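Now for the letters of each chain:
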Amino acid sequence: MSTSSPIADTKKNRPVILITGASSGLGAGMATRFAKKGYDLALCARRVEKLEGLRSEILEASPETRVELASLDVNDHDAVFAVFEDFQQRFGKIDRVIINAGIGDGAPIGKGGFQKNKFVLETNLIAALAQSEAGMKIFREQKEGHLVIISSTSAFRGLRSGMNCYSTSKAAVAHMAEGIRADMLNKPNIDVSTIFPGYIESEMTVKAPNGKTPFIVSNDKGCDLLVKAIESRKAKAIVPAWPWTVVCFLMKRLPLSWVMKLL
Ligand SMILES: NC(=O)c1ccc[n+]([C@@H]2O[C@H](COP(=O)([O-])OP(=O)(O)OC[C@H]3O[C@@H](n4cnc5c(N)ncnc54)[C@H](OP(=O)(O)O)[C@@H]3O)[C@@H](O)[C@H]2O)c1
């Protein structure tokens, strides 16, 4: 299913960003901010009613923005390719794809939570592969573009309990992003960025496993910093940089028992 904004097709040559998982949290916050910066938006998620509400808010604050919506479950891989291609046809190009859709509801391994854990890996890793394939196909054809993969600071170490498969998925997507970046080393007009957010208020942090969200920042502050990091087109960015750059450095080096006290 796809829907267009009332002013669709009236604006030409504005840069276009496709964001998956745009119906809440970081995706919605980034969409609002990128609209204010002059981008047109291709937004998708499963909850279309949330996307429609977000589009109304964006058009109120930034009426010149073209906002196209699509219903997408990223675990329906054929639909991922179809929706990305459809967005490219509607706008004529896509300048940036932000692979943001994700879930965090895992379970401790060995306690009967296999289906939950498999779903985390399918949504955060296999579906991110489908989105990367679909996005990079567009960028290779266009010979330009910016692929952004939302990983997590949890990628820096294997985490316990309900965070295990989540941190596994986020480490894996960071590796996948680096591999794509390696493929693009001789293609100067295609950038690949891996973003490692620390805790930023969203629907996900409300239901955080273990209830622990150290150093959490507001959605407003977090999304401001995410947009700044993405606009820099750096290969990797930890967001917020403070204190997470230090925390991630320590996570990599401290004994596991110390890391578990920290997080
Ligand atoms: N918030 C943090 O502290 C934090 C930290 C590090 C990384 N991250 C990452 O940031 C990303 C966004 O998370 P968030 O914190 O903003 O959480 P959120 O508010 O729960 O948003 C998650 C988004 O992903 C979408 N989504 C989930 N499953 C999907 C599916 N099968 N198909 C399509 N869309 C799906 C949801 O949309 P629908 O339900 O409408 O489909 C929603 O828009 C995730 O990748 C998360 O791992 C967040």
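Look up: the structure comes first, before these words.
Residues numbered from 1 in each chain as written. Predicted model: local features only at pLDDT ≥ 70, side-chain atom pairs only at ≥ 80, totals over all residues. Heavy atoms only, no water.

Undergrad: Any details on the overall build of the protein chain? Residues and values, ideally.
TA: Across its full length, the protein chain holds nine helices and eight strands. Taken against the 2.2 N^0.38 rule, which gives 18 Å for 263 residues, the C-alpha radius of gyration of the protein chain at 18 Å falls within 12% of a compact globule. Once the C-alpha set of the protein chain is aligned to its principal axes, its extents read approximately 55 × 40 × 35 Å. For the protein chain, with 263 residues in total, the buried portion stands at 54%. The contacts of the protein chain with a sequence gap of at least 6 include a subset with a gap of at least 24, amounting to 72%. Summed over its atoms, the accessible surface of the protein chain is roughly 12,100 Å², and 55% of this surface lies on carbon and sulfur atoms. Of the charged side chains in the protein chain, 35 are positive and 27 negative, and the gap between their average positions amounts to 9 Å. (Helix = DSSP H or I, 4+ residues; strand = E, 2+ residues; numbered from the N terminus. Rg over C-alpha atoms; globule rule 2.2 N^0.38 Å. Buried < 20%, exposed > 50% of the residue type's maximum accessible area, 1.4 Å probe, protein only. Contact = heavy atoms within 4.5 Å. Areas by Shrake-Rupley, 256 points an atom, 1.4 Å probe, with all protein chains shown as cover. Lys, Arg positive; Asp, Glu negative; His and termini not counted. Charge placed at Lys NZ, Arg CZ, Asp CG, Glu CD.)

Undergrad: Describe in detail the nonpolar core, supporting the description with residues and values.
TA: Within soluble globular proteins, side chains that are nonpolar tend to cluster in buried spots. Counting 33 residues, the largest nonpolar core has Phe87 and Leu147 as its most contacted members. Those elements giving two or more residues to this core turn out to be strand S2 (16-20), strand S3 (40-45), helix H3 (77-91), strand S5 (96-99), helix H4 (114-142), strand S6 (145-150), helix H5 (164-183) and strand S7 (190-197). Here this core gets seven residues from one element, more than from any other, and that element is H4. Non-local contacts of Leu147, meaning those with residues more than four positions away in its chain, are made with Val97, Ile99, Ser132, Met136, Phe139, Ile180, Asp191, Val192 and Ser193. (Core = buried A, V, L, I, M, F, W, Y, C linked by side-chain atoms within 4.5 Å.)

Undergrad: Go over the side chain of Ser152, please, and point to the residues and values.
TA: Inspection of the secondary structure puts Ser152 in the loop between S6 and H5. Dropping the residues within four chain positions of it, Ser152 is found in contact with Tyr166, Lys170, Ile195, Phe196 and Pro197.

Undergrad: An account of the packing of aromatic side chains is requested, with residue identities and associated values reported.
TA: If you walk through the whole model with that rule in mind, you get four aromatic pairs. Each ring, one from Phe34 and one from Tyr39, has its centre 5.3 Å from the other, and the planes form 80°; the classification is edge-to-face. Here Phe34 and Tyr39 have matching classes, each one buried. Judged by centre distance (5.5 Å) and plane angle (90°), the ring pair of Phe215 and Trp244 falls under edge-to-face. With Phe215 in the loop between helix H6 (203-206) and helix H7 (219-231) and Trp244 in helix H8 (residues 241-253), the pair connects residues that are 29 residues apart, well separated along the chain. Classification of Phe215 as partly exposed rests on a relative accessible area of 40%. (Phe/Tyr/Trp six-rings, centres within 6.5 Å; stacked < 30°, edge-to-face > 60°.)

Undergrad: Outline the site of the ligand, listing residues and values.
TA: Around the ligand lies a shell of 31 residues, among which Ser23, Leu26, Arg46, Tyr166 and Ser202 are the nearest. The separation between an oxygen atom of the ligand and a polar main-chain atom of Gly21 is 3.0 Å. One of the side-chain nitrogen or oxygen atoms of Ser24 is found 2.9 Å away from an oxygen atom of the ligand. Of all the secondary-structure elements, those providing two or more residues to the shell around the ligand are helix H1 (25-36), H5 and H6. Residue contributions to the shell around the ligand peak at three residues, all from H6. Here the shell around the ligand is built from residues that sort into 13 nonpolar, 13 polar and five charged. (Near = heavy atom within 4 Å. Polar contact = N/O pair within 3.5 Å; in protein donor to acceptor, adjacent residues only side chain to side chain. Nonpolar A, V, L, I, M, F, W, Y, C, P; charged D, E, K, R; others polar.)

Undergrad: Tell me about the pairing of S7, and please be specific about residues and values.
TA: Within S7, seven of the eight residues are buried, which leaves it mostly tucked inside the rest of the structure. Bridge count for S6 against S7 is six bridges, and the pairing is parallel. Among the inter-strand pairings, Gly145 is bridged to a residue of S7, identified as Ile190. What joins S6 to S7 is H5, and the crossover it makes is right-handed. (Pairing = 2+ DSSP bridges. Right-handed = clockwise from strand over helix to strand, strands pointing away.)

Undergrad: So what's going on with the pairing of S6? Residues and values would help.
TA: In terms of burial, S6 is largely enclosed, as six of its six residues are buried. Burial of the side chains of S6 extends over both faces: Gly145, Leu147 and Ile149 are buried on one face and His146, Val148 and Ile150 on the other. Sheet analysis places S5 next to S6, joined by four bridges and oriented parallel. Paired with Arg96 across the strands is His146, a residue of S6. Considered for its hand, the β-α-β crossover made up of S5, H4 and S6 is right-handed.

Undergrad: Quick rundown of the environment of Ala172? Include the residues and the values.
TA: Residue placement: Ala172 occurs in helix H5. Judged by its relative accessible area of 25%, Ala172 is partly exposed. C-alpha of Ala172 to C-alpha of Lys143: the two residues are 29 residues apart in sequence and 26 Å apart in space.

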